[in-house]
Amino acid sequence: MNSFQRFRRAKCNGVIDFEAKATWPHRIHEVLSSALDELRRYELRQSQIDALCRRDVLTRCNPPPNELEEKRVKVIAEVDALLSTERILSFHCARLLGHEVEAIRLEGLRQLTQSFAMERIDRTLSTGNLPAATARAIRESNQSGDPGRAGIVSFVNMRSELACEGSVGRLFRCWGGEAIYWGREDPPVGTALQGIGEPCIVLAALPVLAMSLYGTLGMQFARAFLKSRGVRRVSVGFESRVRQAVPGEWIIDVVSCRDRRFEELTRSSKWQKFVLG
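Fair warning: this is a prediction, and the values are worked out from it, not measured in the lab. (Residues numbered from 1 in each chain as written. Predicted model: local features only at pLDDT ≥ 70, side-chain atom pairs only at ≥ 80, totals over all residues. Heavy atoms only, no water.)

Draft legend 1. Summary view of the overall build of the protein. The helix and strand inventory of the protein stands at 14 helices and eight strands. Overall size of the protein, expressed as C-alpha extent along the three principal axes, is 65 × 50 × 35 Å. Going through the 277 residues of the protein one by one, you find that 45% of them count as buried. When contacts within the protein are restricted to residue pairs at least 6 apart in sequence, those whose partners lie at least 24 apart make up 80%. Working note: accessible area of the protein is about 14,200 Å², and carbon and sulfur atoms make up 49% of it. (Helix = DSSP H or I, 4+ residues; strand = E, 2+ residues; numbered from the N terminus. Buried < 20%, exposed > 50% of the residue type's maximum accessible area, 1.4 Å probe, protein only. Contact = heavy atoms within 4.5 Å. Areas by Shrake-Rupley, 256 points an atom, 1.4 Å probe, with all protein chains shown as cover.)

Draft legend 2. Broad picture of the nonpolar core. With 44 residues, the main nonpolar core has Trp24, Leu32, Phe221 and Val246 as its most contacted residues. At seven residues, helix α13 (residues 217–228) tops the list of elements feeding residues into this core. Residues in contact with phenylalanine 221, not counting those within four places in the same chain, are Ile16, Phe18, Trp24, Leu32, Val79, Leu83 and Ile88. In this structure, Phe7, Phe172, Leu203 and Phe262 belong to the second largest nonpolar core, which totals 19 residues. (Core = buried A, V, L, I, M, F, W, Y, C linked by side-chain atoms within 4.5 Å.)

Draft legend 3. Here's a closer look at the pairing of strand β8 (residues 251–256). Within β8, five of the six residues are buried, which leaves the element mostly enclosed by the surrounding structure. Where strand β4 (residues 198–207) meets β8, five bridges bridge the pair, whose relative direction is antiparallel. Residue pairing in the sheet places valine 202 in a bridge with valine 254 of β8. (Pairing = 2+ DSSP bridges.)

Draft legend 4. A look at the layout of surface pockets. In this structure, the largest pocket encloses a volume near 1,100 Å³. Looking at the lining of the largest pocket, the elements that each hand over two or more residues are β1 (87–96), α6 (98–107), β2 (108–109), α7 (114–126), β3 (153–156), α10 (165–173), α11 (178–181) and β6 (239–242). Split by residue class, the lining of the largest pocket holds 20 nonpolar, eleven polar and twelve charged. Taken together, Tyr42, Glu43, Gln46, Ser47, Asp50, Arg72, Met219, Arg223, Arg233, Val234 and Ser235 form the lining of the second largest pocket. If you list the elements that add at least two residues to the lining of the second largest pocket, you get α3 (36–55) and α13. If one sorts the elements of the lining of the second largest pocket by residue count, α3 sits on top with five residues. Of the residues belonging to the lining of the second largest pocket, the class tally is three nonpolar, three polar and five charged. (1 Å grid on protein atoms, 1.4 Å probe; cavity = no way out; pocket = protein on both sides within 12 Å on 5 of 7 lines; lining within 4 Å. Points joined across faces, edges and corners; volume = space filled by probe spheres on them. Nonpolar A, V, L, I, M, F, W, Y, C, P; charged D, E, K, R; others polar.)

Draft legend 5. Fine view of empty space enclosed by the protein. Applying the stated criterion across every chain, the model contains one cavity of 30 Å³ or more. Here the largest cavity is characterised by a volume of approximately 30 Å³. In terms of lining, the largest cavity is formed by Leu39, Glu43, Arg72, Met219, Ala222, Arg223 and Leu226. Counting residues per element, the lining of the largest cavity draws most heavily on α13, at four residues.

Draft legend 6. How the structure looks around the environment of leucine 39. By the element assignment, leucine 39 lies in helix α3. The exposure class assigned to leucine 39 is buried, which follows from its relative accessible area of 3%. A C-alpha to C-alpha distance of 10 Å links leucine 39 and valine 73, two positions 34 residues apart in sequence. Aside from chain neighbours lying at most four places away, what touches leucine 39 is Leu32, Arg72, Val75 and Leu226.

Draft legend 7. Summary view of the environment of glutamine 111. Relative to the helices and strands, glutamine 111 resides in the loop between β2 and α7. The exposure class assigned to glutamine 111 is partly exposed, which follows from its relative accessible area of 28%. Discounting residues that sit within four places of it in the chain, glutamine 111 has contacts with Phe116, Gly151, Ile152, Val153, Arg243, Gln244 and Ala245. Among the polar contacts listed, one links the side chain of glutamine 111 to the backbone oxygen of glycine 151, at a separation of 3.1 Å. A polar atom in the side chain of glutamine 111 sits 3.5 Å from the backbone oxygen of arginine 243. (Polar contact = N/O pair within 3.5 Å; in protein donor to acceptor, adjacent residues only side chain to side chain.)

Draft legend 8. Structural detail: the side chain of serine 240. Looking at the secondary structure, you find serine 240 in strand β6. According to the relative accessible area criterion, serine 240 is buried, its value standing at 3%. Setting aside residues no more than four positions away along its own chain, serine 240 makes contact with Val153, Ser154, Phe155, Asn157, Leu206, Met211, Ser212 and Leu213.

Draft legend 9. Structural view of the pattern of salt bridges. Tallied over the full model, the rule gives 17 salt bridges. Its salt-bridge partner being arginine 105, residue aspartate 253 comes within 2.7 Å of it at the nearest N-O pair. With a gap of 148 residues between them, aspartate 253 in strand β8 and arginine 105 in helix α6 connect regions that are remote in the sequence. Linked by salt bridges that have partners in common, Glu102, Arg105, Asp253, Asp259 and Arg261 make up one network. (Salt bridge = Lys/Arg side-chain N within 4 Å of Asp/Glu carboxyl O.)

See below:
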């Protein structure tokens, strides 16, 4: 058992770790196990339908029904209902300064807004961590008001994704978050942003009802369950957004790159492009 696993056992009691099925509620295992055969047959039939659609444009326009769709919908709805009162272990990846880490520990994660982005830039400039020319550049051009980003806090929900350099490496490389550094990663602005703060992972226990994601959470659990039972054609991917501030009581910990748990989670010492520091 590594440091993170010991920490999870001590500090995350009652929180579901999506990739640790022992933390799933027992009733979810029961529901999915009882429907395993139907769910398997649904995926097989769906793969056949998808193959037909790829080969024939008319079928693509009017695909045949999957006879097991109704059963699958009922199972996923039951899993969703069981999950509705649960909390999910979630990971927010960012490069942070010391005062930002302390604020997150005490007050939680704030939603992205233009005013919050400007506040962060001004504070970092005033402490001498941000060159004036860089501050001007990112004030004049950033995506903090973008409708697809504003009001949102984003999370990774699969631990294995943290070890994928192509997925999360960029989040650790530059200070400010994607809304600030997007399109500014090259010198000289990118070089300055890479020297601010240190890579951190914010661990949070998110109530399911606060999470926004593609599809439903029950669908993600069903797919992960099938994957664990050898259904290779099922893909599992799980990221979420919270469209509100994340209060301090939802924060479990902030893990910096100097903490051994960071390496256990990311294996970043083996990364090629995003060398962290």
